[in-house]
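The residues making up each chain are set out below.
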Amino acid sequence: MKQAIIDVLTQALATCRSQGHLPAEVQAEITLDRTRDSKHGDFASNIALVLAKPAKTNPRALAEKIIAALPPTDAIAKVEIAGPGFINFFLKADSVFAVVKTVLAQAEQFGRSTKGAGQRIQVEFVSANPTGPLHVGHGRGAAYGSALASVLNAAGYNVYREYYVNDAGRQMDILAASVWLRYLELCGEEIVFPTNAYKGDYVWDIAATLHRGHANQCRQSWTDIVKTLPADEPQGGDKEDYIDAIIVQMKARLSAADYRKVFDLGLNVILDDIRDDLQRFSVIYDNWYSERSLTETGAVQRALDKLEENKHTYVKDGAVWFRSTDFGDEKDRVLVRDNGQTTYFASDVAYHLDKFERGFDKVVNIWGADHHGYITRVKGALQAMGIDPNRLTVLLVQFAILYQGGNKMQMSTRSGEFITLRELRKEVGSDATRFFYVMRKSEQHLDFDMDLAKSQSSDNPMYYIQYAHARVSSVLRKAEEKGWIYDQANGLANLDLLKEQHEQALLTSLARYPEVIESAAQYYEPHQVTEYLRELAQHFHTYNNAHKFLVDEVDLRNARLSLVLAVKQVVHNGLTILGVSAPESM
RNA sequence: GUCCCGGUAGCUCAGUUGGAUAGAGCAACGGCCUUCUAAGCCGUAGGUCGGGGGUUCGAUUCCCUCUCGGGACACCA
């Protein structure tokens, strides 16, 4: 409907140009908005205000010319000039009612569009290091990324969901060392656990599995090891140096195969746990991409070669640097360390090169807000390799702060004292968790009120929306009890009986849904869907309270049931995009 | 110090990407169940859109500046 009006406006402008009311060189994008006030009709355009100056006339006079040039249309009842020169469009009743027919006919497909034109878009999200269970910070990225992917899919993009597994690098070595030390404790060694090692209980579990399967095979004398180590932090040393020294010892004392065994056990146990966790959170992926594979396939080397070929690297202090300052970065970045090891950044360059080599038109990364400094260098590297950096969009997700009983709950991965996504899910449920995570703009700090998320009352927006869905089902059950059979054909033939204000408001809300999906996709803002659903639910509840659906008059009853069934469908479609269930009863 | 994000009702936040009289939910106050779920609805009150400049027909929205919060600034990942 919106597009249809934009089309006739475009034609009208063309006519104005040919008649000389508008200079041919004056161009403007037509904006058409839903009106806030029904006195202003259904849609309003500010085009006359925008073009008045270049056309050297006043807005109202230009608006008249434009209106006169509008081709006749079935859908529009009347057009008015209002205020300083707005053009207001009033839709015919028939075209307002038509949405019910469309919703019921298209069902799950209602709201889908072809705006994305099948463009291939990759969404990479969560990608947490497999060094421990997902915590509540990752949860927001998971809910947001998953909802965004669904929104893009509904808007006609060909979406590919990916998780980048950081299965290489120092943090993973620290995990392996942490597991090994716990294992040594199980073997009977008396050790002092390092400040910088992973202390969560899950490390004990992994160590126990190792001990069960391999007994004392990987056992080494802690007393011997300690002699080679510098002081740990509590003893006045450096905790980073200390843990690194342990890793060196571990690699020296275990065979390569045994080291890999400990390393992979930790990796696989945790990765399986993450997969399971996300699956229960209704977050699914098309692919899990291994960082380690980038080294193994030579992708990292290829990326480094490409940067070197294009003369964007140099050697200093024994390290290979990327001249990222040429692309707006504050300082140049190391690709290969003086010890010969490539950095995480080098893997990232290779990974992003690979993404575009795989043929995605657009790539979206969802990162924690603490990674914002990386955007410039990654985009710089893309540019340095001859790829348009604008094809990459990085969306930052701020941390969520949990509140329970009015108190802030803190977390920290390394200390082992953190709230896991799993705990949050079990506490407030998957539906409410997902809904609350996407309720706010991603780049905004989120106050996550656990008490509210758990509460089963109208204060809780998720329950409020789900209840609208359940309420329609309840009405249908009631109709059945009364022996009244819903006749959809009859209902659709009598939609013109829906004259109440509440009904008109609902019809407009329903018609807006496809526009909301497109907008949410265009701006990467799934929270537009939560806002919309709350509003739709509110219109429904208000209507429900003011009017009875199950009236004696058959025609009116069928018409109203058709309307509320359409509401139910749209609520279902919207909640599905958000990864939230739509219950039949509550 | 540099760079991001934010400041809208007592609280948590929307605000259709520059439009018409700035909205919602809590909290406060007053109403509505012999009825398809009161897990709901209606009403009242509540504002210098952080301050100050600028851009223009028009600014909560864009630009500059100041201010106050939060965060990021590795040869870690």
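Residues numbered from 1 in each chain as written. Chains lettered and ligands numbered in written order. Predicted model: local features only at pLDDT ≥ 70, side-chain atom pairs only at ≥ 80, totals over all residues. Heavy atoms only, no water.

A. Focus on the overall build of chain A. For chain A, the count of helices and strands is 22 helices and 15 strands. Overall, the C-alpha framework of chain A stretches about 90 × 65 × 40 Å when taken along its three principal axes. Taken over 586 residues, chain A has a buried fraction of 51%. Sequence-distant contacts, at least 24 apart, represent 72% of the contacts inside chain A between residues at least 6 apart. When the accessible area of chain A is evaluated, it comes to approximately 26500 Å², of which 47% is carbon and sulfur surface. Of the side chains in chain A, 65 bear a positive and 75 a negative charge, and the two mean positions are spaced by 3 Å. (Helix = DSSP H or I, 4+ residues; strand = E, 2+ residues; numbered from the N terminus. Buried < 20%, exposed > 50% of the residue type's maximum accessible area, 1.4 Å probe, protein only. Contact = heavy atoms within 4.5 Å. Areas by Shrake-Rupley, 256 points an atom, 1.4 Å probe, with all protein chains shown as cover. Lys, Arg positive; Asp, Glu negative; His and termini not counted. Charge placed at Lys NZ, Arg CZ, Asp CG, Glu CD.)

B. Broad picture of the nonpolar core. Within the largest apolar cluster, 158 residues are counted, with the highest numbers of intra-cluster contacts made by Ile-66, Trp-180 and Tyr-437. Examining the composition of this core, we find that 12 residues originate from one element, helix 22 (residues 554–578), more than from any other. Non-local contacts of Tyr-437, meaning those with residues more than four positions away in its chain, are made with Val-136, Gly-139, Arg-140, Ala-143, Phe-281, Ala-400, Leu-421, Leu-424, Leu-446 and Phe-448. (Core = buried A, V, L, I, M, F, W, Y, C linked by side-chain atoms within 4.5 Å.)

C. Structural view of the pattern of salt bridges. Tallied over the full model, the rule gives 31 salt bridges. Between Arg-292 and Asp-264 there is a salt bridge; the shortest N-O distance is 2.8 Å. Taken as a pair, Arg-292 in helix 11 (residues 291–296) and Asp-264 in helix 10 (residues 256–280) lie far apart in primary sequence, 28 residues in all. Taken as a pair, Arg-292 and Asp-264 share a single burial class, namely buried. Between Glu-481 and Lys-478 there is a salt bridge, with its nearest N and O atoms 3.6 Å apart. Pair noted here: Glu-481 and Lys-478 are both in helix 18 (residues 461–481), with a separation of three residues, about one helical turn. Residues joined in a network through salt bridges with shared partners are Arg-260, Asp-264, Arg-292 and Glu-296. (Salt bridge = Lys/Arg side-chain N within 4 Å of Asp/Glu carboxyl O.)

D. Expanded view of the protein's contact with RNA strand B. Of all residues adjacent to RNA strand B, which total 64 residues, the nearest are Arg-337, Tyr-374, Ser-458, Tyr-467 and Ser-474. Backbone atoms, meaning sugar and phosphate, form 61% of the atoms of RNA strand B found within 4 Å of the protein. Within the side chain of Tyr-523, an N or O atom sits 2.9 Å from a base oxygen of RNA strand B. Those elements that place two or more of their residues in the surface near RNA strand B are strand 1 (32–34), strand 4 (86–91), helix 6 (170–187), strand 9 (319–322), helix 18 and helix 21 (527–546). Residue contributions to the surface near RNA strand B peak at nine residues, all from helix 21. Grouping the constituent residues of the surface near RNA strand B by class yields 18 nonpolar, 23 polar and 23 charged. (Near = heavy atom within 4 Å. Polar contact = N/O pair within 3.5 Å; in protein donor to acceptor, adjacent residues only side chain to side chain. Nonpolar A, V, L, I, M, F, W, Y, C, P; charged D, E, K, R; others polar.)

E. Structural view of the packing of helix 12 (residues 299–309) against helix 13 (residues 344–357). One way to put it is that helix 12 packs onto helix 13 with a least axis distance of 8 Å and a crossing angle of 90 degrees. As far as their axial angle goes, helix 13 and helix 12 are roughly perpendicular. Here Ala-299, Val-300, Arg-302, Ala-303, Leu-304, Lys-306 and Leu-307 of helix 12 lie close against helix 13, whose contacting residues are Ala-346, Ser-347, Val-349, Ala-350, Leu-353 and Glu-357. Looking at the contact of helix 12 with helix 13 residue by residue, the class counts come to nine nonpolar, one polar and three charged. (Axes fitted to C-alpha atoms, helices over the stretch in contact; angles between N-to-C directions. Parallel < 35°, antiparallel > 145°, perpendicular 65-115°, else oblique.)

F. Focus on the packing of helix 6 against helix 9 (residues 239–253). Packing of helix 6 against helix 9 leaves a shortest axis separation of 10 Å and a crossing angle of 70 degrees. Here helix 6 is positioned roughly perpendicular relative to helix 9, judged by the angle of their axes. Taken together, the residues of helix 9 that come into contact with helix 6 (itself represented by Arg-170, Asp-173, Ile-174, Ala-176, Ala-177, Trp-180 and Leu-181) are Glu-240, Ile-243, Asp-244, Ile-246, Ile-247, Met-250 and Lys-251.

G. Focus on the layout of surface pockets. There is about 1100 Å³ of room inside the second largest pocket. Looking at the lining of the second largest pocket, the elements with two or more residues in it are helix 1 (2–18), strand 1, helix 4 (93–106) and helix 20 (501–522). Examining the composition of the lining of the second largest pocket, we find that 10 residues originate from one element, helix 20, more than from any other. Both of domain 1 (2–91) and domain 2 (101–116 + 457–578) provide at least three residues apiece to the lining of the second largest pocket. (1 Å grid on protein atoms, 1.4 Å probe; cavity = no way out; pocket = protein on both sides within 12 Å on 5 of 7 lines; lining within 4 Å. Points joined across faces, edges and corners; volume = space filled by probe spheres on them. Domains from an automatic or database assignment.)

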